[in-house]
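Each chain, written out:
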Amino acid sequence: MLATIVAEAQLNLPLKKQLDSIYRTDQLYRDYLSSIENGTVMDSLSTAFRVTKEDLPALLWTKQNEIDRNNLSLVERLFSKYGYPGKTLVGTPTNEAAWFVIQHSPAIETYYPRIRQAGRQNEIPWYLVAMMQDRLLSQQGKPQLYGTQVLCYPPKEKPDHAECFVWLVKKPMGVNKRRRKAGFPNSVEENATQLGVHYKVLTRRQVKKLYETPQE
């Protein structure tokens with residue numbers, strides 16, 4: 001108990017407060033969009049934002065993207081001043097706030113080494129490092145390691161419809177072992193179900209055959 005009180009007293013509380021605020025805005029419109037995907041509050045949100053239900057998702061993403069740009073600028077300045085603001089500096093779960101900002105930004109390739117270092121120093125959970133590594137690999141068109149990333153492309157048979165699937169996984173027979181080692185609480189199959197898709201092992205050839213994917 002005393003050790004916990006001492007640790008909390010050593011936190012940078014103004015920085016913690018700033019990062020808590022950044023995290024709230026990072027999730028603000030994403031929470032609304034998640035509610036829409038789950039089939040709830042569509043009517044009330046469209047009324048509140050004075051747009052049609054058809055135009056609502058695009059409006060919410062526009063607002064969230066603006067927040068994301070501002071948050072990235074803030075976090076970059078914090079990196080310059082403090083390095084990664086991890087558990088030692090701001091406690092948990094505030095230590096994850098900067099991770100979310102980078103994960104939702106176009107700057108993953110730039111800052112992934114810093115995130116990986118924070119994970120190695122136990123400043124953030126290692127499974128977050130693994131998730132960012134998966135996102136970086138998928139953005140580069142490479143197979144991911146932990147099966148965390150779901151991508152959506154139009155099937156060639158239905159070009160006007162987006163279909164989502166777990167992006168290619170390297171050495172898929174070992175994916176759940178890698179997930180356990182990284183600290184994920186569930187299997188790749190369970191994670192896919194939570195994301196609303198069915199996990200299926202795919203090869204690059206199958207993806208190219210089934211989906212209209214961007215040119216590599």
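It should be emphasised that the depicted structure is a prediction, and the values quoted were computed from it without experimental measurement.

1. Side note on the overall build of the chain
Scanning the chain from terminus to terminus reveals 11 helices and two strands. Traced from its N-terminal end to its C-terminal end, the chain shows the element sequence α-α-α-α-α-α-α-α-β-β-α-α-α. Among the 216 residues that make up the chain, the fraction classed as buried is 40%. Across the chain, every contact between residues at least 6 apart in sequence was considered, and the portion connecting residues at least 24 apart equals 62%. Of the roughly 13200 Å² that the chain leaves accessible, carbon and sulfur atoms contribute 52%.

2. Side note on the pattern of salt bridges
Within the structure shown, the criterion is met by four salt bridges. Its salt-bridge partner being Asp-20, residue Lys-16 comes within 3.5 Å of it at the nearest N-O pair. In this pair, Lys-16 and Asp-20 both sit in helix α2 (residues 13–37), four residues apart, roughly one turn of the helix. Here Asp-20 falls in the partly exposed class, since its relative accessible area comes to 24%. Here the residues in one salt-bridge network are Asp-26, Arg-30 and Asp-68, joined through shared partners.

3. A word on the packing of α2 against helix α3 (residues 42–49)
Here α2 crosses α3 at 135°, and the two axes come no closer than 9 Å. Viewed along their axes, α2 and α3 adopt a mutual orientation that is oblique. Residues Tyr-29, Tyr-32 and Ile-36 of α2 form the contact with α3, whose own contacting residues are Met-42, Leu-45 and Phe-49.

4. A short note on the side chain of Asn-191
Its place among the elements puts Asn-191 in helix α10 (residues 188–194). Once you skip the residues sitting within four places of it in the chain, Asn-191 turns out to touch Gly-147, Thr-148, Arg-179 and Asn-186.

5. Section: the environment of Met-42
With respect to the helices, strands and loops of the structure, Met-42 is situated in helix α3. Here Met-42 falls in the partly exposed class, since its relative accessible area comes to 23%. Sequence-wise, Met-42 and Leu-56 are 14 residues apart; in three dimensions their C-alpha atoms are separated by 8.3 Å. In this view, Met-42 contacts Ile-36, Lys-53 and Leu-56; residues no more than four positions away in its chain are not counted.

6. Here's the deal with the environment of Pro-93
Within the element layout of this structure, Pro-93 appears in the loop between α5 (87–90) and α6 (97–103). Placed 10 residues apart in sequence, Pro-93 and Gly-83 show a C-alpha to C-alpha distance of 17 Å.

7. Regarding the nonpolar core
Formed by 26 residues in total, the largest nonpolar core has its most connected members in Tyr-84, Trp-99 and Ile-102. Breaking this core down by element, the ones donating at least two residues are α2, α4 (56–82), α6, α7 (108–120) and α8 (126–139). Examining the composition of this core, we find that six residues originate from one element, α6, more than from any other. Contact partners of Tyr-84, with chain neighbours within four places excluded, come to Phe-79, Asn-95, Glu-96, Ala-98, Trp-99, Arg-114, Ile-115, Ala-118 and Ile-124. With eight residues, the next largest nonpolar core counts Tyr-153, Trp-167, Leu-168 and Tyr-211 among its residues.

8. Looking at α7
Under the 1.5 Å per step criterion, the end-to-end length of α7 is 17 Å for 13 residues, consistent within 8% with the ideal 18 Å. Taken as a whole, α7 has its buried residues at Ile-108, Tyr-111, Tyr-112, Ile-115, Ala-118 and Gly-119. Lining the buried residues of α7 we find α4, α6 and α8. Immediately beyond the C-terminal end of α7, within one or two residues, lies Asn-122, with a positive phi of roughly 65°.

9. Some words on the side chain of Ser-105
On the secondary structure map, Ser-105 appears in the loop between α6 and α7. At 3.0 Å, the side chain of Ser-105 forms a polar contact with the backbone nitrogen of Ala-107.

10. Observations regarding the packing of aromatic side chains
Counted according to the given criterion, the structure contains 12 aromatic pairs. Summarising the aromatic geometry, the rings of Phe-165 and Tyr-211 are spaced 4.5 Å apart at their centres and angled 15° between planes, so their arrangement reads as stacked. Residue Phe-165 is found in strand β2 (residues 163–166), and its partner Tyr-211 is found in the segment after α11 (204–210); the two are separated by 46 residues along the sequence. Residues Phe-165 and Tyr-211 agree in their burial class; the two are buried. Feature note: the residues Tyr-153, Phe-165, Trp-167 and Tyr-211 constitute an aromatic cluster, connected by ring pairs. Here Arg-179 stacks its cationic end above the ring of Phe-184, 4.3 Å away from the centre of that ring.

Rules used in this analysis
Residue numbers restart at each chain and count upward from 1, following the sequence in its written direction. Thresholds applied to this predicted model are a pLDDT of at least 70 for local features of residues and 80 or more for the giving and counting of side-chain atom pairs; totals over whole chains, interfaces and linings are not thresholded and use all residues. As a convention, hydrogens and water are excluded, and side-chain values are obtained from all of the structure's heavy atoms. Secondary structure elements follow DSSP: runs of H or I of four or more residues count as helices, runs of E of two or more count as strands, with numbering from the N terminus. Any residue under 20% of the maximum accessible area for its type is buried, any over 50% is exposed, and the rest in between are partly exposed; the area is computed with a 1.4 Å probe on protein chains only. A contact between two residues is defined here by any heavy atoms of the two lying within 4.5 Å. Accessible areas in this description were obtained via Shrake-Rupley with a 1.4 Å probe; residue shielding takes into account the shown protein chains only. Any carboxyl oxygen of Asp or Glu that lies within 4 Å of a side-chain nitrogen of Lys or Arg is treated as forming a salt bridge with it. Throughout, an axis means a line fitted to C-alpha atoms (over the contacting stretch in the case of helices), and angles, computed between N-to-C directions, take values from 0 to 180 degrees. What sets the label is the angle itself: under 35 degrees gives roughly parallel, over 145 gives roughly antiparallel, 65 to 115 gives roughly perpendicular, and the rest give oblique. Here the nonpolar core consists of buried residues drawn from Ala, Val, Leu, Ile, Met, Phe, Trp, Tyr and Cys, with membership extended through side-chain atoms lying within 4.5 Å. Expected span of a helix, by definition, is 1.5 Å for each gap between consecutive residues, and there is one gap fewer than residues. For this analysis, a polar contact is any N or O atom pair within 3.5 Å, provided that within protein one partner can donate a hydrogen and the other can accept it, and provided that sequence-adjacent residues contribute only side-chain to side-chain pairs. Here the aromatic set is Phe, Tyr and Trp, taking the six-membered ring for Trp, and pairing holds for ring centres within 6.5 Å; pairs whose planes are under 30 degrees apart are stacked, those over 60 apart are edge-to-face, and all others are tilted. Whether a charge lies above a ring is judged from NZ of Lys or CZ of Arg, which has to be within 6 Å of the ring centre and within 35 degrees of the ring normal.

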